[in-house]
There are 2 protein chains.
Amino acid sequence: MVNLELYRVFYTVARCGSLTKAAEELYISQPAVSQAVKQLENQLGTSLFNRMHKGMELSKQGGELIYADVERALQLLSGVEDKLSELKQSATGTLRIGASETIFQYILADKIVAYNKQYPQVKIDLISDVSPKIIELLKTDHCDVGFLNLPIEEDEGIRLNASVALLNDVFVAGEAFSELKDKELTVWDLQKYPLLMLEQNTVARAAINHYAESLGAVLRPAVEVGSWDFMKRLVTDGMGIGCLPREYAQRRLRDGELFELNVTPAMPSRSVGLALAKNASMPFSLRAFINLVTGEPHA
Amino acid sequence: MVNLELYRVFYTVARCGSLTKAAEELYISQPAVSQAVKQLENQLGTSLFNRMHKGMELSKQGGELIYADVERALQLLSGVEDKLSELKQSATGTLRIGASETIFQYILADKIVAYNKQYPQVKIDLISDVSPKIIELLKTDHCDVGFLNLPIEEDEGIRLNASVALLNDVFVAGEAFSELKDKELTVWDLQKYPLLMLEQNTVARAAINHYAESLGAVLRPAVEVGSWDFMKRLVTDGMGIGCLPREYAQRRLRDGELFELNVTPAMPSRSVGLALAKNASMPFSLRAFINLVTGEPHA
DNA sequence: AGTTCCATATAAATTTCGTTTATATTATAG
DNA sequence: CTATAATATAAACGAAATTTATATGGAACT
């Protein structure tokens, strides 16, 4: 099997028509080129050049037969470098974003639209799944950037980036509970009402538990729902008091379909984090998206 | 500029999906492969593989983008080896034969027909020119094998191969000189008749001069002609006595249009030599032709 | 013809770079 | 929790490419 570097020398010599000129172009000495050519000829078992007094000329039965193929091969390999370098320098390729459906809808939607407007060349794949799955997708290179509800346990292989957005969990109710409007409430008061919460093993649910626990209380859901949308629907219909991020109910709060309870102390805000695979590369398209989302130029 | 050997490692690893297996295939150690991959990744500034617990997988934003191009390039370069190796092992390509028109006609014609019949795949270029020009064409790689009227001065850059055919110069005449039939003649007798010879600066003419000189005589042409064909025509028409290789007049001698004079001593025979460029390669097509012409298996 | 110039070829010393050996690390499977 | 199977790392080694110096050879010029 022939050392591929020899083909580069061959090609340069053929193009220059001279060992000396090729040596200059390759930034190596003339004897090095001379030896390389000879080595290639030996290994291929054929003479490739005619040695002329004025230089080197492709031989008809050797070099000339292979020149075009060698040229094409070297162009391809050089193109490979260009392709990867372009990926780092301009907005091309594909960007795969992973997040929960909710995060897409309430936090990323505007950003994604803006990004697409600025970089229409970049194909965007939106992968909607729960946080643990997103982490898995990041680590298996099925996703370039993920957005996760924090906190989440440390994971080797994931780089977590400071919070991208804050989620402020609040308790909300509909007209059926209008007597609670403007009342100052505590967690203990809430215990008397039917509560709607997201199902177990979610960050949101863990946040509620932790909140109540830190006050020495326990909050039990009357109803567990699978999605915020469904919770909002049920709470609006008067089924009980819901606990959800204010950001996810902005329209209904503004329109008065729901109102926010004045509970003291307020639940600590949670944050949405940006996660990257630890070993992943950082194409331009990804960097640009991160900048746009974090609002900051970013390494 | 990236060391092209690294692409071979990259490709093997990608194909094997494993550093270890690639190392076996490449007959080098696993760490060598590991380092080569890392080096390529560094030089390209991109991660190319996802390191899995079970092996290596092309990364979506790196290796996968370049794999096809690298594969194509390596196939081309591997094809280059095949192409040249095939040239040495089977009858393909082009064979460029140089000789004088006469040699083609009277010595090589049959051989070329036979060769073409046996190796129809080989394209044959016949280059007809005088011997010094043929030597030039051999040295400048415009011709693969040449046939020359010997003797010819030694030439660096040309390998002369023992004689391929003998040319026996004889004196011939037509009916106008029928009184000479069966007479025993010497060079002195010839001086009395009008002689037709080929023009100066030809091997044939030099042979006549040398022959006469060696006997202490001088033969001067009454007519100098530019080609054997023309000489035969004029001699047949009774213009004088011609001197030419018997081999070039076989038909007219057989048909009785010309007869051969019985001159003593006979002119020494000249030979036709096969010449190759000293540094030229020896593709199968060429070797086969030489074998056919010399009638012998041949290095 | 002789000399100079310009090209490639060759030889030996050196340095670089790839390779190996040995070991660490990590994750999955049993 | 150990065993296995993969990749990663580090240091020592060795082969191979490069350089320096020189040889060789032909063409052009005087």
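Whatever comes next refers back to the structure up there.
Quick caveat: nothing in here was measured; it's all calculated off a predicted structure.

Around DNA strand D, the surrounding shell holds 19 residues, and the nearest of these are A:Ser29, B:Leu19, B:Thr20, B:Lys38 and B:Arg51. In the interface set of DNA strand D, defined as its atoms within 4 Å of the protein, sugar plus phosphate atoms amount to 65%. In this structure, B:Leu19 approaches DNA strand D through a main-chain N or O atom, which is 2.5 Å from a phosphate oxygen. One nitrogen or oxygen atom from the side chain of B:Ser34 is found 3.1 Å from a phosphate oxygen belonging to DNA strand D. A per-element tally of the surface near DNA strand D places helix H3 (residues 30-44) of chain B first, with five residues.

Let us look at the sheet that holds strand E14 (residues 270-277) of chain A. Residues and elements named next belong to chain A. Pairing within the open sheet is mixed, and its five strands lie in the order E4-E3-E5-E14-E6. The sheet is open, and its two borders are formed by strand E4 (123-128) and strand E6 (158-167), each paired with just one other strand. Across the sheet, the mean angle from the axis of one strand to that of its neighbour is 20°, orientation sign disregarded. Strand direction decides the pairing type here: strand E3 (residues 94-99) and strand E5 (residues 145-149), joined by two bridges, are parallel. Looking across to E5, one finds that Gly98 is bridged to Gly146. Of the strands in this sheet, E3, E4, E5, E6 and E14 are in contact with helix H5 (residues 101-118), which crosses E3 at around 155°.

Residue and element names in this part refer to chain B. Where helix H1 (residues 5-16) meets H3, the axes come as close as 9 Å, and the angle between the chain directions of the two elements is 115°. Classified by the interaxial angle, the pair formed by H1 and H3 is roughly perpendicular. In the crossing of H1 with H3, the sense of the turn from one axis to the other is left-handed. Note on element contacts: H3 touches H1 through Val33, Ala36, Val37, Gln39, Leu40, Gln43 and Leu44, opposite Leu6, Tyr7, Val9, Phe10 and Val13. Partitioned by chemical class, the residues of the contact of H1 with H3 number ten nonpolar, two polar and no charged.

Conventions used here
Residues numbered from 1 in each chain as written. Chains lettered and ligands numbered in written order. Predicted model: local features only at pLDDT ≥ 70, side-chain atom pairs only at ≥ 80, totals over all residues. Heavy atoms only, no water. Near = heavy atom within 4 Å. Polar contact = N/O pair within 3.5 Å; in protein donor to acceptor, adjacent residues only side chain to side chain. Helix = DSSP H or I, 4+ residues; strand = E, 2+ residues; numbered from the N terminus. Pairing = 2+ DSSP bridges. Axes fitted to C-alpha atoms, helices over the stretch in contact; angles between N-to-C directions. Contact = heavy atoms within 4.5 Å. Parallel < 35°, antiparallel > 145°, perpendicular 65-115°, else oblique. Left-handed = near helix turned anticlockwise from the far one by under 90°. Nonpolar A, V, L, I, M, F, W, Y, C, P; charged D, E, K, R; others polar.

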